[in-house]
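Close look at the chain arrangement
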Amino acid sequence: MGTKPKTPSQLIRPEIQALSAYHVPDSGNLIKLDAMENPYRWPDELIDQWLESLRSIELNRYPDPAARALTKQLKTVMQVPDTMQLVLGNGSDELIQMLAVALAQPDAWVLAPEPTFVMYRLIAEVAGMNYLGVPLDENFGLDVPAMLDAITKYQPALVFLAYPNNPTGTLFDREAIEEILRAASGLVILDEAYAPFTDASFMSRLGEFNNLLVMRTVSKMGLAGLRLGLLAGPACWLEELDKVRLPYNINVLTQASALFALEHKAMLDDQAAQIRKDRALLAGSMSALPGIQVYSSAANFILFRVPEGKCLDVFDSLREQGVLIKNLAAPQGPLVDCLRVTVGTPQQNQAFMAALQRALN
Ligand SMILES: *Cc1c(COP(=O)(O)O)cnc(C)c1O
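Residues numbered from 1 in each chain as written. Predicted model: local features only at pLDDT ≥ 70, side-chain atom pairs only at ≥ 80, totals over all residues. Heavy atoms only, no water.

Residues in close proximity to the ligand total 14 residues, the closest being Asp 191, Tyr 194, Thr 217, Ser 219 and Lys 220. One nitrogen or oxygen atom from the side chain of Thr 217 is found 2.5 Å from an oxygen atom belonging to the ligand. Between an oxygen atom of the ligand and a side-chain N or O atom of Ser 219, the distance comes to 2.6 Å. Coverage of the ligand by the protein amounts to 94% of the 390 Å² it exposes when considered alone. Secondary structure elements with two or more residues in the shell around the ligand: α5 (92-103) and α9 (219-223). (Near = heavy atom within 4 Å. Polar contact = N/O pair within 3.5 Å; in protein donor to acceptor, adjacent residues only side chain to side chain. Areas by Shrake-Rupley, 256 points an atom, 1.4 Å probe, with all protein chains shown as cover. Helix = DSSP H or I, 4+ residues; strand = E, 2+ residues; numbered from the N terminus.)

Below you can see the structure in the form of structure tokens.
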């Protein structure tokens with residue numbers, strides 16, 4: 001006698017059924033300023049060298065499970081203190097997932113200031129952890145008393161602080177972060193995905209706080225397609241986290257390509273410097289438009305507010321004019337009427353500005 005097979009709604013955990021899948025819009029031929037990608041291609045000669053460097057790779061072999069050469073290279077270019085260790089992830093998204101999987105216990109909480117990177121909540125919920133978002137203050141800074149209250153009350157196992165923050169672009173106050181580090185009994189993850197676009201970092205402070213880990217990614221510096229992130233911190237934490245890492249999570253092509261690209265880090269640094277300059281120019285032009293409020297950004301994107309109720313119209317008009325940005329699509333709350341644009345090449349930024357001016361008329 002066979003038993004009747006169960007349906008997805010009987011077998012899939014209810015909290016997974018309640019989720020909607022992470023949606024990425026099709027960008028077609030649009031100028032793509034929605035995902036904080038570096039807009040610059042490599043010179044043809046460098047592409048040839050890179051392809052040549054891939055020639056010796058044996059796709060029939062598993063990758064080095066510890067990605068030793070790449071780890072060593074990353075420690076140098078990211079200025080990780082000598083006494084600290086690294087765990088690599090298939091993007092920092094995978095590192096967030098490894099943290100959640102390792103720390104998920106029935107009463108464990110994840111805490112983050114909001115609005116922030118949506119993956120903290122999504123991954124915490126998928127891993128079966130409780131999630132609490134604490135509102136930022138009206139300038140999108142940390143509300144320290146509210147954060148400290150939440151820490152006392154929930155004793156979160158994990159606190160995520162994006163530094164600079166996405167989608168606001170804010171660089172949180174250093175002393176506020178130090179207070180949180182001292183108050184938290186759990187791990188505090190400083191997510192420095194936008195490190196190439198600011199001089200601020202907690203990397204050199206590793207070891208000063210036993211509960212501090214610093215997360216970086218190569219995505220925003222120009223290698224989003226490779227999917228490579230790193231978590232840096234004391235060995236006692238990273239050795240445990242490494243146990244939940246799938247053995248070959250960084251594939252051979254990513255290991256080799258990242259090694260190659262990081263040998264040309266000076267080019268990526270030049271691109272980041274250019275983007276920082278263009279960020280200031282773009283923010284200046286946007287601020288000059290009537291009705292637009294621009295938030296200052298330490299990242300490679302700019303958050304801005306349009307006149308009340310105009311958000312979707314502006315977004316649609318930009319798309320019709322060939323420019324894709326991010327509609328933060330909040331009918332109310334702190335991001336009401338807000339859109340986010342990635343800083344592109346000077347030509348892309350000009351096309352965006354022209355389209356924005358038309359959209360506002
Ligand atoms: C983009 C982004 C990431 C994602 O990085 P990947 O390495 O591409 O997974 C992580 N954190 C923040 C705050 C981001 O904005």
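After presenting the structure, the write-up continues.
A separate point is the nonpolar core. Core analysis: the biggest nonpolar cluster contains 57 residues, and Leu 70, Leu 74, Leu 88, Leu 142, Leu 161, Ile 177 and Leu 190 have the highest contact counts within it. Beyond its immediate chain neighbours, meaning those up to four positions away, Leu 74 contacts Gln 79, Val 80, Leu 86, Leu 88, Val 218, Leu 228, Leu 230 and Leu 262. Among the nonpolar cores identified, the runner-up in size contains 32 residues, and Phe 304, Phe 315, Leu 324 and Phe 352 belong to it. (Core = buried A, V, L, I, M, F, W, Y, C linked by side-chain atoms within 4.5 Å. Buried < 20%, exposed > 50% of the residue type's maximum accessible area, 1.4 Å probe, protein only. Contact = heavy atoms within 4.5 Å.)

This next bit is on the pattern of salt bridges. Evaluation of the coordinates by the stated rule reveals 17 salt bridges. The closest approach of N and O atoms between Glu 208 and Arg 205, which form a salt bridge, is 2.8 Å. Look at Arg 205 and you get buried, because its relative accessible area is 16%. Note that Asp 316 and Arg 319 form a salt bridge whose closest N and O atoms lie 3.3 Å from each other. Here Asp 316 pairs with Arg 319, and both are found in helix α13 (residues 311-320), just three residues apart, close to one helical turn. Accessibility expressed as a relative area gives 38% for Arg 319, which makes it partly exposed. (Salt bridge = Lys/Arg side-chain N within 4 Å of Asp/Glu carboxyl O.)

Take α5 next. Under the 1.5 Å per step criterion, the end-to-end length of α5 is 17 Å for 12 residues, consistent within 8% with the ideal 16 Å. Buried within α5 we find Ser 92, Glu 94, Leu 95, Ile 96, Met 98, Leu 99, Ala 100 and Leu 103. (Expected span 1.5 Å × (residues − 1).)

Glancing now at the packing of aromatic side chains. Tallying each qualifying case throughout the model produces 10 aromatic pairs. An angle of 55° between the planes, with centres 4.5 Å apart, marks the rings of Trp 109 and Tyr 154 as tilted. With a gap of 45 residues between them, Trp 109 in strand β3 (residues 109-114) and Tyr 154 in helix α7 (residues 144-154) connect regions that are remote in the sequence. In this structure Tyr 154 comes out as partly exposed when scored by relative accessible area, which is 26%. Here Tyr 163 and Phe 202 contribute two aromatic rings whose centre-to-centre distance is 5.4 Å and whose plane-to-plane angle is 75°, an arrangement assigned as edge-to-face. Linking Tyr 163 in the loop between β5 (158-162) and α8 (174-183) with Phe 202 in the loop between β6 (187-191) and β7 (212-217), this pair joins segments that are 39 residues apart in sequence. Judged by relative accessible area, Phe 202 falls into the buried class, the value being 1%. The rings of Trp 42, Trp 50 and Phe 260 are connected pair by pair, giving a single aromatic cluster. Over the face of the ring belonging to Phe 301 we find Arg 340, whose NZ or CZ atom lies 5.8 Å from the ring centre. (Phe/Tyr/Trp six-rings, centres within 6.5 Å; stacked < 30°, edge-to-face > 60°. Lys NZ or Arg CZ within 6 Å of the ring centre and 35° of its normal.)

What follows is about the sheet that holds strand β9 (residues 293-294). The strand order β9-β10-β13-β12 describes an open sheet built from four strands, whose pairing is antiparallel. Of all strands in the sheet, those with a lone pairing partner are β9 and β12 (326-327), marking the two edges. Two elements, β12 and strand β13 (residues 338-342), share two bridges in a ladder whose sense is antiparallel. The partner of Lys 326 across the bridge, within β13, is Arg 340. Sheet contacts for helix α12 (residues 265-287): β9, β10 (301-305) and β13; angle to β10, the most-contacted strand, approximately 10°. (Pairing = 2+ DSSP bridges. Axes fitted to C-alpha atoms, helices over the stretch in contact; angles between N-to-C directions.)

For the rest of this paragraph, the subject is unusual backbone geometry. Each neighbour pair has its own omega, and for Glu 114 with Pro 115 the value is 5°, a cis peptide bond. By the secondary structure assignment, Pro 115 is in the loop between β3 and α6 (119-126). Each neighbour pair has its own omega, and for Asn 166 with Pro 167 the value is 15°, a cis peptide bond. Within the secondary structure, Pro 167 is located in the loop between β5 and α8. Even without being a glycine, Met 36 presents a positive backbone phi close to 60°. Unusually for a residue other than glycine, Asp 337 sits at a positive phi of about 65°.

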